[in-house]
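Observations on the three-dimensional arrangement
Chain by chain, the residues run as shown.
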Amino acid sequence: MMPPLVSILIPCYNAAPWLTATLESALAQTWPQKEIIVVNDGSTDQSLALARPFSERGVKIIEQPNRGAAAARNAALGAAGGDFVQFLDADDLLAPEKIARQMAVLTAEPKGAIASGPWGSFTDEPGHAVFHTKPVWADLTPVDWLVRSWSGGGMFPPLVWLAPRDVLAAAGPWNEALTLDDDGEYFTRVLLHAAGIRFVPGAASYYRAHTGPRISAARGERAARSSFASCESKERQLLAAENSPRVREAIGCNWQRFAWEQMAAAPGLAAMAIKHARKLAPDLPPPKGSRSYRLAAKVLGWTRARKLQLAVQELIHR
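Report follows, based on the coordinates.

Rules and cut-offs
- Residues numbered from 1 in each chain as written.
- Predicted model: local features only at pLDDT ≥ 70, side-chain atom pairs only at ≥ 80, totals over all residues.
- Heavy atoms only, no water.
- Axes fitted to C-alpha atoms, helices over the stretch in contact; angles between N-to-C directions.
- Helix = DSSP H or I, 4+ residues; strand = E, 2+ residues; numbered from the N terminus.
- Parallel < 35°, antiparallel > 145°, perpendicular 65-115°, else oblique.
- Left-handed = near helix turned anticlockwise from the far one by under 90°.
- Contact = heavy atoms within 4.5 Å.
- Nonpolar A, V, L, I, M, F, W, Y, C, P; charged D, E, K, R; others polar.
- Core = buried A, V, L, I, M, F, W, Y, C linked by side-chain atoms within 4.5 Å.
- Buried < 20%, exposed > 50% of the residue type's maximum accessible area, 1.4 Å probe, protein only.
- Phe/Tyr/Trp six-rings, centres within 6.5 Å; stacked < 30°, edge-to-face > 60°.
- Lys NZ or Arg CZ within 6 Å of the ring centre and 35° of its normal.
- Expected span 1.5 Å × (residues − 1).
- Arc of directions from axis to C-beta.

The angle between the axes and the distance between the axes are what describe a pair of packed helices. Contact geometry for helix α5 (residues 142–153) and helix α8 (residues 221–241): axes closest at 11 Å, N-to-C directions at 135°. Here α5 lies oblique to α8, going by the angle between them. By crossing handedness, the relation of α5 to α8 is classed as left-handed. Between α5, through V143, L146 and W150, and α8, the contact on the second element is made entirely by K234, L238 and A241. Here the contact of α5 with α8 is built from residues that sort into five nonpolar, no polar and one charged.

Listed below in structure tokens is the structure:
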């Protein structure tokens, strides 16, 4: 019997310094039945020229005008024929056994489970990646995973997951209107359509930290509006699955995190997020921070202390 086909989907925008290593990582997967699809999202560097020779090794290349990572992933999904899907950004890497180890677990599980695994962050060499164990590195129900993650228990970038195509279809496409936290919004839907999460210890992924183009590093009013919309969608999805004190507290943490991160770029949205967090979880503790911030927070409250911290940082960097 032929093993299930796994589609490895790679959105690419100006990833020339890293794309070759990423494609070699995908080709090196030991799982025997795989297809690799690269969507070149209007790159203006040498990404397309670097990708084209890989077509001789079976890599399918799709070209489109620049429409963003979510649109590129949707285009890749539309062209994919796999029973399972692996998303892989054009600057990240997979351990050779990553997919095979996850498939060994998923094919032995009841239909509908999705697989995760450990991931580490690196700059130049994946051998230098740092792996920090988090509470979400475990077998969990979808709601348990989201509550742990949003309450400070860690997160997973897209490359960590391996999901059945049927689960992705039930969750719906990537939201192409989002720029920041489009992956958080998408995988909230995916997890809540899954039968459960299976953590596979040996299925390692490598997330590259760099200063080049990466949507998760987007800043400014537009990015803040995207993140706000993502938080709204995630709240609706999780409350529909379970409306309980622990869920409301986790959602409150999510809103508080948004306010902390976006207070400088979008103070109005940050203020709305703080009110929403307090309504959902009135006893939510303040965000953690530096010693000077904590001292100021005792006197001023955490929101004023955060504003003061940001003002000092701006003065220093002028």
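Picking up where we left off.
A few words now on the nonpolar core. One finds I10, F87, I114, W145 and F156 to be the most contacted residues of the largest nonpolar core, which totals 92 residues. Broken down by element, the residue count for this core peaks at seven residues, all from helix α9 (residues 245–262). In contact with I10, other than residues within four places in its own chain, are T22, L23, A26, I36, I37, V38, V39, L88, D89 and A90. Listed in part, the six residues of the second largest apolar core include L93, A95, A129 and Y206.

Further remarks concern the packing of aromatic side chains. The way to describe two aromatic rings as a pair is by their centre distance and the angle between their planes. Evaluated as defined, the whole model comprises 19 aromatic pairs. Ring geometry for W145 versus W161: centroids 5.3 Å apart, planes at 65°, classification edge-to-face. Separated by 16 residues along the polypeptide, W145 in helix α5 and W161 in the loop between α5 and β9 (163–164) bring together distant segments of the chain. Each of the two residues, W145 as well as W161, counts as buried. With a centroid separation of 5.1 Å and 80° between ring planes, the pair formed by Y186 and F187 is classed as edge-to-face. There is no split in this pair, since Y186 and F187 are both buried. Taken together, the ring pairs in this structure connect F87, W145, F156, W161, W174, Y186 and F187 into an aromatic cluster. The cationic tip of R73 hangs over the ring face of W174; the distance from NZ or CZ to the ring centre is 4.4 Å.

Between the first and last C-alpha of helix α12 (residues 302–316) there are 21 Å, a value that for 15 residues agrees with the 21 Å anticipated at 1.5 Å per step. Within α12, burial applies to W302, T303, A305, R306, Q309 and L310. Looking straight down α12, one finds its buried side chains confined to an arc of 160°; they lie on one side. Facing away from the buried side of α12 by more than 90 degrees, the exposed set consists of R304 and L315.

Structural measurements only, silent on function.
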